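# Overview (structure and organization)
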Amino acid sequence: MTHPALSAGRGAIVTGAASGIGLALCKRFAAMSMKVCMADVALLDKAVEAVAEIAPGGRDNILACHTDVSSLDDMLGLRDAALNSFGEIGVLANNAVTRLENTTWENHDNWRRTFDVNLIGVVNGVQAFATQMIGQGFPSIIVNTGSKQGITNPPKNPAYNAAKAAVKSYTESLQHELRNTAGSQVTAHLLVPGWTITGTAKHVPGAWLPEQVVDYMMAALDRDDFYIICPDDETTSEMDRKRILWAAGDIVENRPPLSRWYPDFASSFEE
Ligand SMILES: NC(=O)c1ccc[n+]([C@@H]2O[C@H](COP(=O)([O-])OP(=O)(O)OC[C@H]3O[C@@H](n4cnc5c(N)ncnc54)[C@H](O)[C@@H]3O)[C@@H](O)[C@H]2O)c1
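Residues numbered from 1 in each chain as written. Predicted model: local features only at pLDDT ≥ 70, side-chain atom pairs only at ≥ 80, totals over all residues.

Take the packing of helix α4 (residues 108-118) against helix α7 (residues 158-179) next. Between α4 and α7, the shortest axis-to-axis distance is 9 Å and the interhelical angle comes to 30°. The orientation of α4 with respect to α7, classified from their angle, is roughly parallel. Crossing of α4 against α7: the hand is right-handed. Taking contact as the criterion, the partners of Asn110, Trp111, Thr114, Phe115 and Asn118 in α4 are, on α7, Ala159, Tyr160, Ala163, Lys164 and Val167. Along the lines of polarity and charge, the residues of the contact of α4 with α7 split into 6 nonpolar, 3 polar and 1 charged. (Axes fitted to C-alpha atoms, helices over the stretch in contact; angles between N-to-C directions. Helix = DSSP H or I, 4+ residues; strand = E, 2+ residues; numbered from the N terminus. Parallel < 35°, antiparallel > 145°, perpendicular 65-115°, else oblique. Left-handed = near helix turned anticlockwise from the far one by under 90°. Contact = placed C-beta atoms within 7 Å. Nonpolar A, V, L, I, M, F, W, Y, C, P; charged D, E, K, R; others polar.)

Given below as structure tokens:
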């Protein structure tokens, strides 16, 4: 059964809508005759055209908003614009991301911007929309996009990993609070894509297409799954389970952090 939040006529907000998984989400929602609000800091014209081609109602039910998710004012403006056009919100997908160079002890400005967009952008989305969505009194969905890097913490890009780990923690707390809020029919979900080629990059064997991530997410939302951990053509769900357990094992087995990439433990991890 399709989730009632994902049905024709409902409003969908997608941040980071100009590219990749965000654009694929907009296309899918539009194809289902949902009203789609596309938010991004990048130019949206081409993306809107691509979505309008698929939408049964053409451009009519598509709203494009230049929005920087790191600004609460922008997100409140986005909420007002969407409510003004659609009247209600069925789905909020906090998907926007920035990827900036960083190491643990360098690039302070990039650390700030990474957290402002990748974590506070999600918090801003929830703080702008959740009260309205709860008050509507019918089923609605908030999907926050995390990353396996926020769970298994691989070497390199520590700012991205740390922000995505915080998105996971934040979204778990959000779902707990929503579940314990009287009258709330809003649920939160953590979407964790696998390796997905997006933007202008050429597709590479092993990676998934953004549309495969959306297929996987839609099926998981129909089951009301909270953790939506996508595999790809290189990493199976079973491999993901073992990698996640290994990372948790670093703590309970008193191994060094990131032991998977530590020569002393590499062979036991491989086993
Ligand atoms: N592609 C992957 O392999 C992969 C893997 C794991 C997780 N993810 C996550 O999936 C989500 C989508 O990733 P993608 O690869 O499709 O991204 P992408 O780079 O294709 O698109 C990201 C979009 O976010 C927009 N954006 C950047 N900063 C913004 C801001 N401040 N406000 C509003 N919009 C902003 C960009 O302009 C861009 O259009 C991200 O949260 C990412 O972390 C992706």
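That covers the picture; the talk isn't over yet.
With that settled, consider the sheet that holds strand β2 (residues 35-40). One open sheet accounts for 7 strands, arranged β3-β2-β1-β4-β5-β6-β7; its pairing is parallel. In this open sheet, the two strands that pair with only one neighbour each are β3 (62-66) and β7 (227-229). Direction aside, the axes of adjacent strands within the sheet are offset by 15° on average. Of the strand pairs in this sheet, β2 and β3 are connected by 5 bridges, and their pairing is parallel. (Pairing = 2+ DSSP bridges.)

Turning our eyes to something else, we now look at the domain arrangement of the protein. Once the domains are mapped, the protein shows domain 1 (11-233) and domain 2 (236-271). Between the C-alpha centres of domain 1 and domain 2 the distance comes to 29 Å. At the junction of the two partners, domain 1 supplies 7 residues and domain 2 supplies 8 residues. A class-by-class count of the residues in the side of domain 1 that touches domain 2 yields 4 nonpolar, 2 polar and 1 charged. (Domains from an automatic or database assignment.)

With that settled, the discussion passes to the site of the ligand. The immediate surroundings of the ligand are formed by 28 residues, with Gly16, Gly20, Ala96, Val97 and Thr198 found nearest. With 3 residues, the single largest contributor to the shell around the ligand is helix α1 (residues 20-31). Classifying every residue of the shell around the ligand by side-chain character gives 11 nonpolar, 15 polar and 2 charged. (Near = placed C-beta within 6 Å.)

So, about unusual backbone geometry. One non-glycine residue, Asn107, adopts positive backbone phi at about 60°. Assignment of secondary structure puts Asn107 in the loop between β4 (91-94) and α4. Not every positive phi belongs to a glycine, and Lys156 is a case in point at roughly 80°. Structurally, Lys156 is set in the loop between α6 (149-152) and α7. You can call Lys156 exposed: it has 10 C-beta atoms within 10 Å. (Buried ≥ 20, exposed ≤ 12 C-beta atoms within 10 Å, placed from the backbone.)

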